[in-house]
Every structure is written in C-alpha cells, then in structure tokens.
Amino acid sequence: MRTAICPGSFDPITLGHLNIIRRCTKIFDRVVVCIMVNSTKTSPMFSVEERVDMVKRVVSRFPNVTVDFSDGLLAEYARQFEGAVVVKGLRAASDFEYEFQMDLINKNINPQLETMFLTASGKYTFLSSSVVREMARYGADLTGLVPEEIKSEIEIKAKQWRRNNG
Ligand code: PNS
C-alpha cells in the first residue's frame, strides 16, 4: 500500500492544502494528514485539538484520508508507515529553498524517507494559513480561501482576537 503523509501546521487548513490533499488521494492508496508543530510559529490561532477537528471535518469526503497529530519529528513519525512518502505543496521558489532544506534534514534523520513536491494550483499560489489569519483578523471575506465548513469558525475566532487586541 502506497501512503502519502501530508504534514503541516494547518492553522487553519486552506483550500490550497485541500487541493494538494485531494490530488494525493488520486496518486496514493492512503493519505495521512498529520498536524504537526512548527516551532517557528509561536502563537497559533487555533489549538491543536481545534485544528485536528477542522481538518477531520474537511477531509471526511475522502475515504482514503485519515487525520493524525504528532508533536515529534516528521522523519521519526514517518517510520510507522512502510515506504511512506512525504508530500508537500510548492507555491514559489522561496518554498522550494525551505522545503529542500527540510528534506535534507529529514533524510539525515531517516535516510529511507522520500519527499515529493506537488506544485500548487495557479489559483492558490498566493494562499497560505498566515494570509488567511491576517485577512480574518481584519474582517475580510474568506470565501474561496478556506473550506466553507470551517469559514464561520475562523471568523468567530478572529472576532475574539479583535476583542482581545483592541
Ligand atoms: O505548515 P507548515 O508550518 O509549513 O509545516 C511545517 C511542518 C509542521 C511540517 C514542520 O515544521 C515539521 O516537520 N515539524 C515537525 C518537527 C520536524 O520534524 N522538524 C523538522 C526537522 S528539525
């Protein structure tokens, strides 16, 4: 069985993430979306539990996708899935530089682990979770950026943030 691991902080999941996940479901037998910790992102909008719950709801339409959480190293996490491949989306050359470095670090820890890159769909090349968080905090319309199922949750969270931050 061919397994893809789609790791990320998913704070929150965007339509760009979902596009990569959907394409993985056609290439791989099984797709594991793993919510992980990015230590450079220190003040998340959503708790890990909230992110897991949102991703679960959004990917429930795909029978071969499961959702997991790990606060460990990706290269160690991947060992439990025989022959699994990490799949990342690439939006721009700057993404490649970062992801190339991550791949080298992961291979240093787990030499068997391969990473494959899918280029982002043109309409999502500008899209990231941080863009969504920023737009939400300014009350912008998130239609076409995030899955409809989680849009109101993000808007509510952004309203709370505005109340707490003046
Ligand atoms: O969505 P993101 O924030 O770009 O995803 C990055 C993520 C979470 C996949 C990356 O930070 C990660 O792999 N975190 C787990 C810890 C790890 O393995 N770090 C890389 C080697 S130090």
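A brief structural summary. None of these values were measured; they are calculated from a predicted model.

Parameters at a glance
Residues numbered from 1 in each chain as written. Predicted model: local features only at pLDDT ≥ 70, side-chain atom pairs only at ≥ 80, totals over all residues. Heavy atoms only, no water. Near = heavy atom within 4 Å. Polar contact = N/O pair within 3.5 Å; in protein donor to acceptor, adjacent residues only side chain to side chain. Areas by Shrake-Rupley, 256 points an atom, 1.4 Å probe, with all protein chains shown as cover. Helix = DSSP H or I, 4+ residues; strand = E, 2+ residues; numbered from the N terminus. Nonpolar A, V, L, I, M, F, W, Y, C, P; charged D, E, K, R; others polar. Pairing = 2+ DSSP bridges. Axes fitted to C-alpha atoms, helices over the stretch in contact; angles between N-to-C directions. Contact = heavy atoms within 4.5 Å. Patch = residues over 30% accessible without salt bridge, like charges linked within 9 Å, V, L, I, M, F, W, Y side chains within 5 Å. Salt bridge = Lys/Arg side-chain N within 4 Å of Asp/Glu carboxyl O. Buried < 20%, exposed > 50% of the residue type's maximum accessible area, 1.4 Å probe, protein only.

Time to look at the site of the ligand. Taken together, P7, G8, S9, M36, V37, N38, K41, G72, L73, L74, M102 and I105 make up the full set of residues near the ligand. Contact distances for the ligand include 3.0 Å between a nitrogen atom and a backbone N or O atom of V37. Coverage of the ligand by the protein chains reaches 79% of its 550 Å² of free accessible surface. At the level of secondary structure, the elements contributing two or more residues to the shell around the ligand comprise β1 (3-8) and α4 (93-109). When grouped by side-chain class, the residues that make up the shell around the ligand number seven nonpolar, four polar and one charged.

With that out of the way, let us pick up the sheet that holds strand β2 (residues 30-36). Spatially, five strands are ordered β3-β2-β1-β4-β5 in an open sheet, and the strand pairing comes out parallel. Sheet topology places β3 (65-70) and β5 (114-119) at the edges, where each strand pairs with a single neighbour. Direction aside, the axes of adjacent strands within the sheet are offset by 30 degrees on average. This element, helix α1 (residues 15-27), spans β1, β2, β3, β4 (85-90) and β5 of the sheet and lies at about 120 degrees to β5. Along the sheet face, α4 touches β4 and β5 and points at about 165 degrees away from the line of β4.

With that settled, the discussion passes to a nonpolar patch on the surface. On the surface, F96, F100 and L104 cluster together into a nonpolar patch covering about 290 Å² of accessible area. Its location among the elements puts F96 in helix α4. Judged by its relative accessible area of 39%, F96 falls in the partly exposed class.

Relative to the helices and strands, V58 resides in helix α2 (residues 48-59). With a relative accessible area of 0%, V58 lands in the buried category. In this structure the C-alpha to C-alpha distance between V58 and E155, which are 97 residues apart in sequence, comes to 17 Å. The residues touching V58, leaving out its near neighbours within four places in the chain, are I13, L18, P147, E149 and I150.

Worth remembering: the numbers are spatial, not functional.
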